[in-house]
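Chain by chain, the residues:
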Amino acid sequence: MTVLPSPPAHAGVVEVRGEVDPASARLLADRIAHARFWFDSVVVDLSGVTFFSAAGIDALPTDVPLRLVCSPAVLKVLTACGMVDHWELHRSVFLALAAEVAMDFTATSAIPERALRAAGDHRGAS
């Protein structure tokens, strides 16, 4: 698991590959906490996860905004546990970071509705 700074400068990406089981879930929670300490916004890239146990859900905080990029294995568990509405789900890290930039732009834009239309709606998982 790696924590990488990504544009925008206040966003961090926690990249996870392989399996998230009870043994590695604690490491995932630690990496997310570390990223939340250093970055205002955190994207957790789970697109490379091949196995995701229910213990992995406990590693994902629900008390703060968090963007997830899910592999089919992760999405299956989140859906089965009824947890998909607890986080923002995105199709890619790029789109998750773009959503952050679009939100920053709309907060400073004189016409936020126009900025949202220009940015498009990239949220959701397929």
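Please refer to the structure higher up on the page.
Rules of the game
Residues numbered from 1 in each chain as written. Predicted model: local features only at pLDDT ≥ 70, side-chain atom pairs only at ≥ 80, totals over all residues. Heavy atoms only, no water. Helix = DSSP H or I, 4+ residues; strand = E, 2+ residues; numbered from the N terminus. Contact = heavy atoms within 4.5 Å. Pairing = 2+ DSSP bridges. Right-handed = clockwise from strand over helix to strand, strands pointing away. Buried < 20%, exposed > 50% of the residue type's maximum accessible area, 1.4 Å probe, protein only. Polar contact = N/O pair within 3.5 Å; in protein donor to acceptor, adjacent residues only side chain to side chain. Salt bridge = Lys/Arg side-chain N within 4 Å of Asp/Glu carboxyl O.

## Focus: the environment of Ala55
With respect to the helices and strands, the residue Ala55 is situated in helix H2 (residues 55-58). Along the primary structure Ala55 and Ala23 are separated by 32 residues, whereas in three dimensions their C-alpha atoms are 8.8 Å apart. Contact partners of Ala55, with chain neighbours within four places excluded, come to Asp21, Pro22 and Ala25.

## Focus: the pairing of strand E2 (residues 11-20)
By the bridge criterion, nine bridges tie E2 to strand E3 (residues 41-52) in an arrangement that is parallel. Following the sheet pairing, Glu15 is matched in E3 by Asp45. At this point the chain moves from E2, through helix H1 (residues 22-38), to the parallel E3, and the crossover so formed is right-handed.

## Brief notes about the environment of Trp87
Mapped onto the elements, Trp87 comes out in the loop between helix H3 (72-80) and strand E5 (88-90). Between the alpha carbons of Trp87 and Asp63 there is a distance of 9.8 Å; along the sequence they are 24 residues apart. Those residues in contact with Trp87 that lie beyond four places of it in its chain are Ile57, Leu60, Pro61, Thr62, Leu66, Leu68 and Leu78.

## Digging into the environment of His90
Mapped onto the fold, His90 is located in strand E5. Assessed through its relative accessible area of 1%, His90 is described here as buried. C-alpha separation for the pair His90 and Cys70, spaced 20 residues apart in sequence, amounts to 7.5 Å. Of note is the side chain of His90, whose polar atom sits 3.0 Å from the side chain of Glu88.

## Here's the deal with the pairing of strand E4 (residues 67-70)
Within a regular strand, the side chains alternate between the two sheet faces. Here E4 shows no split at all, with Arg67 and Val69 on one side and Leu68 and Cys70 on the other all buried. Relative to E4, E3 runs parallel, the two being bridged by four bridges. Residue pairing for E4: Val43 is matched across the bridge by Arg67. Two strands pair when backbone bridges link them, and E4 and E5 are joined in this way by three bridges, in the parallel orientation. Residue pairing for E5: Arg67 is matched across the bridge by Glu88. Handedness of the E4-H3-E5 crossover: right-handed.

## Describing the pattern of salt bridges
Using the criterion set out here, one finds four salt bridges in the structure. Between Arg17 and Asp45 there is a salt bridge, with its nearest N and O atoms 3.3 Å apart. You can see Arg17 sitting in strand E2 and its partner Asp45 sitting in strand E3, a full 28 residues away along the chain. With a relative accessible area of 42%, Arg17 lands in the partly exposed category. Judged by its relative accessible area of 6%, Asp45 falls in the buried class. Across the pair Asp30 and Arg26 runs a salt bridge, and its minimum N-O distance is 2.8 Å. Highlighted residues: Asp30 and Arg26, both in helix H1, separated by four residues, approximately one helical turn. Through salt bridges with shared partners, a single network forms among Glu15, Arg17 and Asp45.

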